[in-house]
Amino acid sequence: MIKVGEDIEVPILGSIAFGLIDRGTNVIQVRPVSFCNLNCIMCSTDAGPYSKWRQAEYWVPPEILLDGVREIIKYKGIDKVEAHIDTVGEPTLYSRLIELVQGLKDIGEVKIVSMQTHGQNLSEHKVEELSEAGLDRINLSVDAIDEKLAKYIQGAEWYNVRKVLRIAEYTLENTKIDIHIAPVYLPGINDEEIPKIIKWALKTGAGKKWPPLGIQKYIPHKHGRKAPVKKVMSWYEFWNYLKSLERMFKVKLIPRLEDFGMFKTKPLPKPFRVGEKVRVKIVAPGWLKGEKLAVDLRGLRTITVVNAEELHEGAKVSVRIVRNKDNIYVAIPT
Ligand code: SF4
């Protein structure tokens, strides 16, 4: 595991695997760790012990993340910020999670602190601590209620969906945290589970302040795990599926940005254009095989260099930027 600020000095912006992401809204994504202990069959980031593509994992101390959040807020000039802890792994594995939540909540402009999780590492005590630290919402992924199927989808015999549901119910009854249930629909795999999940979410009182449910479409990713679905739905088919469930259960399943208090804001400036040649220093292995982590020589952004097997740590090289969307930088050697 590579510790940012200890093993390597890199800007907190630029990588998809750790740090901070601004997508031009009032929501700042906070990524303190990259690893996970599940092996979900549809994992878009190929996380967990069975990962085929990953070669490095990262850990970032809260102090560095909090300084970065303050800087972003200052630049954007907004005061209704949601800090959303959403990793390419599992945030509850972060050893300093409580400090991070507390630190985010202590920033005056941060009105909401939320977190995504599959819930496998939560306990009654942990959710009480998170609530006291200021966590407002958990986006909880529950992909099946059937215990055997849940173990299959999460790729782990030890995964216990009963426990996850019990902790969710406890959270809603005994803490200030709201829960938004977010299953991934896998056609041909969890068709019978989605209505059960909706019924459970409604019965249990999820969605005290935010929409109770947000069903997600399965999208295969190049380096993600490919679930053996019957078919990959088009967006048109998926929206129609959601509309039919909305009619059946009389619940809104197609939320708008406003339902989460989200709005567009000034995005952060992008120091590098796509196609631009940039001098960088190679500082560490990249997240996935064949990649290296680099920093431009002015120290503005972390840059992931792909096809970089031949580049050695410490080398100063020229790369060409091939992606800069949302200030996440990918480059190729020139
Ligand atoms: S989907 Fe989430 S919980 Fe499942 S393996 Fe990937 S990162 Fe872990």
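Quick note: structure is the one above.
Residues numbered from 1 in each chain as written. Predicted model: local features only at pLDDT ≥ 70, side-chain atom pairs only at ≥ 80, totals over all residues. Heavy atoms only, no water.

Undergrad: Tell me about the overall build of the protein, and name the residues and values.
TA: A count of helical and extended segments in the protein gives seven helices and 15 strands. Taken against the 2.2 N^0.38 rule, which gives 20 Å for 334 residues, the C-alpha radius of gyration of the protein at 20 Å falls within 12% of a compact globule. The dimensions of the protein, computed from C-alpha atoms along their principal axes, are 60 × 45 × 35 Å. Looking at the protein residue by residue over its 334 residues, the buried ones come to 57%. The long-range fraction of contacts in the protein, counting pairs at least 24 apart against all pairs at least 6 apart in sequence, stands at 70%. Of the charged side chains in the protein, 51 are positive and 42 negative; the average position of the first set lies 6 Å away from that of the second. (Helix = DSSP H or I, 4+ residues; strand = E, 2+ residues; numbered from the N terminus. Rg over C-alpha atoms; globule rule 2.2 N^0.38 Å. Buried < 20%, exposed > 50% of the residue type's maximum accessible area, 1.4 Å probe, protein only. Contact = heavy atoms within 4.5 Å. Lys, Arg positive; Asp, Glu negative; His and termini not counted. Charge placed at Lys NZ, Arg CZ, Asp CG, Glu CD.)

Undergrad: I'd love a proper account of a positive patch on the surface, names of residues and values included.
TA: The grouping of Lys277, Arg279, Lys281, Lys316 and Arg320 at the surface amounts to a positive patch. If you list the elements that add at least two residues to the positive patch, you get strand S11 (277-285) and strand S14 (316-323). A per-element tally of the positive patch places S11 first, with three residues. Within the secondary structure, arginine 279 sits in strand S11. (Patch = residues over 30% accessible without salt bridge, like charges linked within 9 Å, V, L, I, M, F, W, Y side chains within 5 Å. Areas by Shrake-Rupley, 256 points an atom, 1.4 Å probe, with all protein chains shown as cover. Salt bridge = Lys/Arg side-chain N within 4 Å of Asp/Glu carboxyl O.)

Undergrad: Which residues make up the side chain of threonine 265, and what values go with them?
TA: Among the secondary structure elements, threonine 265 is positioned in the loop between helix H7 (235-249) and S11. Within the local environment of threonine 265, its side chain forms a polar contact with the backbone oxygen of threonine 25, the two atoms lying 3.0 Å apart. Aside from chain neighbours lying at most four places away, what touches threonine 265 is Gly24, Thr25, Asn26, Lys76 and Ile78. (Polar contact = N/O pair within 3.5 Å; in protein donor to acceptor, adjacent residues only side chain to side chain.)

Undergrad: Run through the site of the ligand, naming residues and quoting values.
TA: Neighbouring the ligand are the residues Cys36, Leu38, Asn39, Cys40, Cys43, Ala47, Val88, Gly89, His118 and Arg225. Partitioned by chemical class, the residues of the shell around the ligand number six nonpolar, three polar and one charged. (Near = heavy atom within 4 Å. Nonpolar A, V, L, I, M, F, W, Y, C, P; charged D, E, K, R; others polar.)

Undergrad: Describe the sheet that holds S14, listing the residues and the values that go with them.
TA: With respect to topology, five strands assemble into a closed barrel ordered S11-S12-S13-S15-S14, the strand pairing being mixed. Strand-to-strand twist in this sheet, taken as the mean axis angle between neighbours without regard to direction, amounts to 55 degrees. In terms of strand pairing, strand S13 (residues 302-305) meets strand S15 (residues 330-333) through two bridges, oriented parallel. The residue of S15 that forms the bridge with valine 305 is alanine 331. (Pairing = 2+ DSSP bridges. Axes fitted to C-alpha atoms, helices over the stretch in contact; angles between N-to-C directions.)

Undergrad: So what about the nonpolar core? Which residues, and what values?
TA: Counting 96 residues, the largest nonpolar core has Ile181 and Leu186 as the members making the most contacts within it. Counting residues per element, this core draws most heavily on helix H5 (residues 161-174), at six residues. Composition of this core by domain shows at least three residues from each of domain 1 (2-256) and domain 2 (277-333). Residue contacts for leucine 186: discarding those within four places in its chain leaves Ile41, Met42, Ile153, Asp191, Tyr218, Ala227 and Val229. Residues Ala294, Ala308, Val319 and Tyr329 belong to the second largest nonpolar core, which totals 14 residues. (Core = buried A, V, L, I, M, F, W, Y, C linked by side-chain atoms within 4.5 Å. Domains from an automatic or database assignment.)

Undergrad: Just give me the short version of helix H2 (residues 97-105), but keep the residues and values in it.
TA: By the burial criterion, the buried members of H2 are Leu97, Leu100, Val101, Gly103 and Leu104. The buried residues of H2 all sit within an arc of 165 degrees when viewed along its axis, so they share a single face. (Arc of directions from axis to C-beta.)

Undergrad: Outline unusual backbone geometry, supporting the account with residue identities and numerical values.
TA: For lysine 250, which is not a glycine, the phi torsion comes out positive at approximately 50 degrees. Relative to the helices and strands, lysine 250 is located in the loop between H7 and S11. Phi is positive for asparagine 327, close to 65 degrees, though the residue is something other than glycine. Take asparagine 327: it is sitting in the loop between S14 and S15. Owing to a relative accessible area of 4%, asparagine 327 belongs among the buried residues under this scheme.

Geometric descriptors of this kind do not, in isolation, establish any biological role.
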